[in-house]
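# Survey of secondary and tertiary structure
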Amino acid sequence: MTGFRFPENFLWGGAIAANQAEGAYLEGGKGLTLVDLLPTGEQRRSIMKGNVPSFKPLDGEFYPSHEAIDFYHRYKEDIALFAEMGFKALRVSISWARIFPTGEDAAPNEAGLKFYDDLFDELLRNGIEPVVTLAHFDVPVALIEKYGSWKNRKMVELFERYSKTVLERYKDKVKYWMTFNEINMLLHLPFLGAGLVFKEGDNVKQIQYQAAHHQLVASALAVKACHELIPDAKIGCMLAAGSFYPYTCNPDDVYQGMEKDRESYFFIDVQSRGEYPGYAKRFFRDHGLTIEMEPGDAEILKEHTVDYIGFSYYSSRTTSTDPEVNKKMTSGNVFGSVANPYLDKSEWGWTIDPLGLRITANQLHDRYQKPLFVVENGLGAHDEVTPEGEVNDDYRIDYLKRHLAELGEAIQDGCEILGYTCWGPIDIVSASSGEMRKRYGYIYVDRDNEGNGTLKRTKKKSFGWYKNVIQSNGENLGE
């Protein structure tokens, strides 16, 4: 399939997050992060939206992030497997609370700093470039309790201090950085995305967009610090991407699709172009929102824009203004979407749309004229282990090869794409559901939804497939 050879120096690899892989949730002086308050089950989705019953883990609840897949202790074993596949890059995140356990400690936690020193050293020894996200769904709980998280301007100062600390520490080891993971998730899962907690009577939109402003300023200050401390590094933003298709050619549907896209593009417009777009200003006026900005904010945003656009792509979305059509919503997806009759769905209800990756990449490149980086893409599925100990995940291979074929087309369309780090190259805890049963990896981890299992790592069939893809630089995607 394809016969297209990807650009030289293309960064093939995978992506994981500290809170979904590391475990060791209070080891080495680490403080609690927001994900440490997310149990499994029905409660999880409610909390992610900002309905938080407690700022401490509750007795009798199972919290999958507390041990996760124990990457904290097993990273050398896992990196050896990534190197065997031929990875050129691994996207990871730094846990803010490993560095500053309360978010505002007098000095950084040396044990936390050393862990990431050791992790990055191991990656580099294996010829793997670290791609590091500063904030991936893990605000320190102490900052949520004390300041209300990103509701409060104080967070800008604290995030800048954290960013400068890790940028200075790892300036000789890390050349690719991102500020906030899926920054637009603040609007959809506000506790998960930004540590926001709401009480009855709150003006939720006002709180969300004020918090967004604080994150955007903090992001720009992190970009400024990176450019000053590591002049040869690249630092990007990160969008949960996927275009909204109008359900019909009714202009009302088309306009609503544009509005839905803008809801997400708003963040990247500011991070990439350096100012609030006109449509956002109108949205604020129409909804009676007043965004408090400090003197100098406009200049900070304008002068410190990102070098590239990182994005996740799992599926496209579809929107309709017809109430009858809107009764047919897909399940499982964070973004509300009506069922697209032309597309299949995954086991978890996510639409499968390889061409949508090409469409999304072209739209982003046309809009921003900056390099792109596909930093998440993959298929969550229930994998069965055969009596012989094998996992024959042909469905995953099919999903990935069709998406990579379309990514190759996007490059030939003229999109500059730095690399592709598929989501979850090793099975990790699902962010949305807290499950281990929803697996993405090329490497099976013996751990179930209740925390049982040996954590043994086993190569799936897709392991060898991805190894061949990397060896051929995308030219051989299989038949």
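The structure displayed is predicted, hence computed values, not measured ones.

It is worth spelling out the packing of aromatic side chains at this point. In the structure shown here, the tally under the stated rule is 34 aromatic pairs. Centroid distance Tyr176 to Phe373: 6.4 Å. Interplanar angle 90 degrees. Geometry classified as edge-to-face. With Tyr176 in strand 4 (residues 176-180) and Phe373 in strand 11 (residues 372-376), this pair connects stretches of sequence that are 197 residues apart. Each member of the pair, Tyr176 as well as Phe373, carries the same accessibility label: buried. Connected via pairs of aromatic rings, a cluster forms that spans Phe4, Phe6, Phe10, Trp12, Phe82, Phe87, Tyr420, Tyr442, Trp465 and Tyr466. Positioned over the ring face of Phe115 is Arg98, at 5.7 Å from the centre of the ring.

A few words on the pattern of salt bridges. Side-chain pairing between opposite charges can occur once the charged atoms of the two side chains come close. Under the criterion given, the structure shown has 40 salt bridges. The salt bridge partner of Arg437 is Glu347, with a shortest N-O separation of 3.7 Å. Placement of the pair is Arg437 in the loop between strand 12 (417-423) and strand 13 (443-445) and Glu347 in the loop between strand 9 (344-345) and strand 10 (351-352), with a sequence separation of 90 residues. Overall, Arg437 belongs to the partly exposed group, its relative accessible area being 34%. What emerges from the salt-bridge pattern is a single network uniting Asp383, Asp393, Arg396, Asp427, Arg439 and Lys460.

Now for the pairing of strand 12. Burial runs high along strand 12: seven of the seven residues are buried. In terms of strand pairing, strand 1 (residues 11-15) meets strand 12 through five bridges, oriented parallel. Bridging across to strand 12, Gly14 finds its partner in Cys422. Examined bridge by bridge, strand 11 and strand 12 share two bridges and lie parallel to one another.

Moving on, we get to the UniProt feature "active site" (unreviewed entry) in the chain. In the numbering adopted here, UniProt assigns the feature "active site" (unreviewed entry) to Glu376. Within the element layout of this structure, Glu376 appears in strand 11.

This part covers the sheet that holds strand 12. Hydrogen bonds between backbone groups are what pair the strands of a sheet, and the pairing can be parallel or antiparallel. The eight strands lie next to each other as 1-2-3-4-5-7-11-12, forming a closed barrel whose pairing is parallel. Averaged over neighbouring strand pairs, the angle between their axes works out to 30 degrees when direction is ignored. Of the strand pairs in this sheet, strand 1 and strand 2 (residues 89-93) are connected by three bridges, and their pairing is parallel. Across the sheet, Ala15 pairs through a bridge with Arg91, a residue of strand 2. Sheet strands touched by helix 13 (residues 354-368): strand 5 (234-241), strand 7 (308-313) and strand 11. Its angle to strand 7, the strand with the most contacts, is close to 160 degrees.

Position of Gly29 among the secondary structure elements: in the loop between helix 1 (18-21) and helix 2 (42-48). Ignoring any residue separated from it by four or fewer positions in sequence, one finds Gly29 in contact with Ala97, Pro101 and Asn109.

Right, let's talk about the pairing of strand 3 (residues 129-135) for a bit. Side chains on a regular strand alternate between the two faces of the sheet. Burial analysis of strand 3 places six of its seven residues in the buried class, the great majority of the element. Two elements, strand 2 and strand 3, share five bridges in a ladder whose sense is parallel. Bridge pairing in strand 3 places Arg91 opposite Val131. Direction of pairing for strand 3 relative to strand 4: parallel, over a ladder of four bridges. Across the sheet, Val132 pairs through a bridge with Trp177, a residue of strand 4.

Reading guide: rules and limits
- Residues numbered from 1 in each chain as written.
- Predicted model: local features only at pLDDT ≥ 70, side-chain atom pairs only at ≥ 80, totals over all residues.
- Heavy atoms only, no water.
- Phe/Tyr/Trp six-rings, centres within 6.5 Å; stacked < 30°, edge-to-face > 60°.
- Helix = DSSP H or I, 4+ residues; strand = E, 2+ residues; numbered from the N terminus.
- Buried < 20%, exposed > 50% of the residue type's maximum accessible area, 1.4 Å probe, protein only.
- Lys NZ or Arg CZ within 6 Å of the ring centre and 35° of its normal.
- Salt bridge = Lys/Arg side-chain N within 4 Å of Asp/Glu carboxyl O.
- Pairing = 2+ DSSP bridges.
- UniProt positions renumbered as here; feature names shortened; annotations may be inferred.
- Axes fitted to C-alpha atoms, helices over the stretch in contact; angles between N-to-C directions.
- Contact = heavy atoms within 4.5 Å.

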